[in-house]
Amino acid sequence: MRRRLYFMLPDVASARAMLDEMLLARIEVGHIHFLARRGALPADLPEASVLQKTDIVHGAQIGMMIGGVCGLVGGFLVVAFPPEGTAPRLVTVLVVALFGAWASSMAASQVANSKLKPFHAEIERGKVLMMVDVPFAKVQAINELIARRHPEAICGGTEPTIPAFP
């Protein structure tokens, strides 16, 4: 498991220096994400993906729950009271649940990540947000390293738990 740390950096030059610092601290480039005003981030800095920029994951989770409940109720109603001339199976429940999850995640992909809301004003002023996913055991060391070597970086807090993907 990892923790996502947020740091607001004053400019792109500071972001480049921070990327180098994280790589030297043995944080893989796939766990470092930068977010800046549209068109301001150069290609050599890893830009935040749709997963970091939007609430798609949260929307899919909510969609699974709502779609699952609606799918169970709707599916069982169709199975219990089938339309004339049809013989629906219990797979109907699964299909409706999956559709609910898909529809909700598509809607959520258009909604900005609510955890990034406090940073939007600074990003629009030209600052760069760094999101770094750090193993639990390294969180304190990384915070201390950044405080010691990069006083220009403003800590924006942490996100409790990020699943560790390979």
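The structure displayed is predicted, hence computed values, not measured ones. (Residues numbered from 1 in each chain as written. Predicted model: local features only at pLDDT ≥ 70, side-chain atom pairs only at ≥ 80, totals over all residues. Heavy atoms only, no water.)

Caption draft 1: Inspection of the pattern of salt bridges at higher detail. The full count for this structure, using the stated rule, is five salt bridges. A salt bridge links glutamate 122 to arginine 125; the shortest N-O distance between them is 2.4 Å. Judged by its relative accessible area of 24%, glutamate 122 is partly exposed. Between glutamate 122 and lysine 127 there is a salt bridge, and its shortest N-O distance comes to 3.0 Å. Accessibility expressed as a relative area gives 25% for lysine 127, which makes it partly exposed. Among the ionic contacts, a cluster of salt bridges with common partners joins Glu122, Arg125 and Lys127. (Salt bridge = Lys/Arg side-chain N within 4 Å of Asp/Glu carboxyl O. Buried < 20%, exposed > 50% of the residue type's maximum accessible area, 1.4 Å probe, protein only.)

Caption draft 2: Region of interest: a nonpolar patch on the surface. Nonpolar side chains collect at one region of the surface, where Val69, Leu72, Val73, Phe76, Leu77 and Phe81 lie side by side and expose about 610 Å² of accessible area between them. In this fold, phenylalanine 81 is placed in the loop between helix H3 (56-80) and helix H4 (91-108). (Patch = residues over 30% accessible without salt bridge, like charges linked within 9 Å, V, L, I, M, F, W, Y side chains within 5 Å. Areas by Shrake-Rupley, 256 points an atom, 1.4 Å probe, with all protein chains shown as cover. Helix = DSSP H or I, 4+ residues; strand = E, 2+ residues; numbered from the N terminus.)

Caption draft 3: Broad picture of the nonpolar core. Counting 23 residues, the largest nonpolar core has Leu9, Met22, Phe34, Met130 and Val132 as the members making the most contacts within it. Those elements that place two or more of their residues in this core are strand E1 (2-9), helix H1 (12-24), strand E2 (32-35), strand E3 (128-135) and helix H6 (139-149). With nine residues, the next largest nonpolar core counts Tyr6, Leu35, Ile123 and Leu129 among its residues. (Core = buried A, V, L, I, M, F, W, Y, C linked by side-chain atoms within 4.5 Å.)

Caption draft 4: Spatial organisation of the layout of surface pockets. Approximately 380 Å³ is the volume attributed to the second largest pocket. Taken together, 14 residues form the lining of the second largest pocket, with Leu35, Ala36, Arg37, Arg38 and Lys53 sitting closest to its centre. The biggest single contributor to the lining of the second largest pocket is helix H5 (residues 120-124), with three residues. When grouped by side-chain class, the residues that make up the lining of the second largest pocket number six nonpolar, three polar and five charged. (1 Å grid on protein atoms, 1.4 Å probe; cavity = no way out; pocket = protein on both sides within 12 Å on 5 of 7 lines; lining within 4 Å. Points joined across faces, edges and corners; volume = space filled by probe spheres on them. Nonpolar A, V, L, I, M, F, W, Y, C, P; charged D, E, K, R; others polar.)

Caption draft 5: Local environment of the packing of aromatic side chains. In total, this model carries one aromatic pair according to the counting rule given. Measuring from ring centre to ring centre gives 5.5 Å for tyrosine 6 and phenylalanine 119, while their planes differ by 25°; the resulting arrangement is stacked. Taken together, the residues span a long stretch of sequence, with tyrosine 6 in strand E1 and phenylalanine 119 in the loop between H4 and H5 at a distance of 113 residues. (Phe/Tyr/Trp six-rings, centres within 6.5 Å; stacked < 30°, edge-to-face > 60°.)

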